[in-house]
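Chains, contacts and geometry: an overview
This is what each chain is made of:
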Amino acid sequence: MSTKTADGLTPAKGSTAVRLGWREWVALPDLGIGLIKSKVDTGARTSCLHTFRTEPYTENGERRVKFWVHPTQNDLQEVIECDARVLDERNVSDSGGHKELRLVVETTLVVGDQSWPIEMTLTNRDSMRFRMLIGRTAMAGRATVFPEASYLAGQPALRNE
């Protein structure tokens, strides 16, 4: 049985799950992205990141991809160049039911004071409000979502190692 506080936004007692609202600030430190606003989307299986340009390549027999990100909504001046190993290519259906073959990479997601590895597809989200979606696979067993709230996790806590 869960316990509730006055705010109604408390997961079950003893839970270590991070509390998420429908949108959150996160970081992707492996990609050099210190802050990006993300939509928490339990309807999406896989997380995805907005890229306006991708260049797949092979290095020492390993499939990799260089890609460029505008991490801030409505700001085309800020550009972050990223590089990652390609895990897979998958057909993904968008919210309109259109299928698209997307590259899949693995990276570290930082939410509040917690971090863990996630798989993420790369796609152009120019027409969308959010530069990133956090899908249910990335949240499974790690997060509790409160759809009536925003920014419950606070700013991502990046560790200097």
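See the structure shown above.
Residues numbered from 1 in each chain as written. Predicted model: local features only at pLDDT ≥ 70, side-chain atom pairs only at ≥ 80, totals over all residues. Heavy atoms only, no water.

Looking at the pairing of strand 6 (residues 62–69)
As defined by bridge partners, strand 5 (residues 53–59) adjoins strand 6 across 7 bridges and the pair is classed as antiparallel. By the bridge assignment for strand 6, T54 is matched with F67. Two successive antiparallel strands, strand 5 and strand 6, enclose a turn made up of 2 residues, where N60 displays a positive phi of approximately 50°. (Pairing = 2+ DSSP bridges. Helix = DSSP H or I, 4+ residues; strand = E, 2+ residues; numbered from the N terminus.)

So, the environment of V18
Topologically, V18 is positioned in strand 1 (residues 18–20). We classify V18 as buried; its relative accessible area is 7%. Residues contacting V18, with those up to four places away along its chain left out, are V111, Q114, W116, R142, A143, T144 and A153. (Buried < 20%, exposed > 50% of the residue type's maximum accessible area, 1.4 Å probe, protein only. Contact = heavy atoms within 4.5 Å.)

So, the pairing of strand 10 (residues 132–135)
Side chains of strand 10 alternate between two faces, with M132 and I134 and L133 and G135 buried alike. As defined by bridge partners, strand 3 (residues 33–41) adjoins strand 10 across 4 bridges and the pair is classed as parallel. If you follow V40 over to strand 10, its bridge partner there is I134. Where strand 4 (residues 47–50) lies against strand 10, 2 bridges are found, and the strand directions are antiparallel.

Here's the deal with the environment of K66
In this structure, K66 sits in strand 6. On the accessibility criterion, K66 (31% relative accessible area) is partly exposed. Separated by 10 residues in sequence, K66 and P56 place their C-alpha atoms 6.3 Å apart. The residues touching K66, leaving out its near neighbours within four places in the chain, are R53, T54, E55, Y57, E81, C82 and D83.

Some remarks on the pattern of salt bridges
Summed over the entire model, instances satisfying the criterion amount to 8 salt bridges. As a salt-bridge pair, R64 and E62 come within 2.9 Å of each other at their nearest N and O atoms. Judged by relative accessible area, which is 17%, R64 ranks as buried. We note a salt bridge from E62 to R85, for which the minimum N-O separation is 3.9 Å. Of the two residues, E62 sits in strand 6 while R85 sits in strand 7 (residues 80–93), which places them 23 residues apart along the sequence. Take E62: its relative accessible area is 31%, and that puts it in the partly exposed class. When salt bridges that share partners are traced, they join E62, R64, D83 and R85 into one network. (Salt bridge = Lys/Arg side-chain N within 4 Å of Asp/Glu carboxyl O.)

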